Amino acid sequence: MKNILLVLGSPGGRASYSNHIARRIVDDLKARHPAAAVVVRNLTKDLPPVLTEAFANGRVLAGDKRSASEGLAIAVSDVLVGELLPAAVVLLAAPMHNFGTSAF
């Protein structure tokens, strides 16, 4: 296993049970696979933007044909996809609020 992507979605921070359990799972995976790299995406601290027309248009255009807003939307997407694709394990830590998951 080379990469672990941990996606944190609880606004509870350090007091969050879902974050605590997810980090314990990551610690266990790291103990079994010490060379694995861990990428943490905390949605409560760095929420990706919603998909917009700039993203929809920019994804079908060549880089030199994109507007500034289209280029920015694609750049954000490229970062997120760059975290996801190499991950052998993706762990989503999402709290349950009123018997449903959070908006993150």
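Please read these numbers as outputs of a predicted model, since none were measured by experiment. (Residues numbered from 1 in each chain as written. Predicted model: local features only at pLDDT ≥ 70, side-chain atom pairs only at ≥ 80, totals over all residues. Heavy atoms only, no water.)

## What about the sheet that holds strand β3 (residues 89–93)?
Here is step 1: The sheet built from 3 strands is open, its strands ordered β2-β1-β3 with parallel pairing. A strand with exactly one partner marks an edge of an open sheet, and here the two such strands are β2 (37–42) and β3. Ignoring which end each strand starts from, the neighbouring axes of this sheet average 15° apart.
Here is step 2: In terms of strand pairing, strand β1 (residues 3–8) meets β3 through 5 bridges, oriented parallel. Among the inter-strand pairings, Ile4 is bridged to a residue of β3, identified as Val89. (Pairing = 2+ DSSP bridges. Helix = DSSP H or I, 4+ residues; strand = E, 2+ residues; numbered from the N terminus. Axes fitted to C-alpha atoms, helices over the stretch in contact; angles between N-to-C directions.)

## Observations concerning the environment of Val76
Here is step 1: Following the sequence through the fold, Val76 ends up in helix α3 (residues 68–84).
Here is step 2: Taking C-alpha positions, Val76 is 8.4 Å from Pro49, a pair spaced 27 residues apart along the chain.

## Observations regarding the pairing of β1
Here is step 1: With 5 of its 6 residues buried, β1 lies for the most part within the structure.
Here is step 2: Relative to β2, β1 runs parallel, the two being bridged by 6 bridges. Looking at the pairing, Leu6 lines up with Val40 of β2.
Here is step 3: Taken together, β1, helix α1 (residues 17–32) and β2 form a β-α-β motif whose crossover is right-handed. (Buried < 20%, exposed > 50% of the residue type's maximum accessible area, 1.4 Å probe, protein only. Right-handed = clockwise from strand over helix to strand, strands pointing away.)

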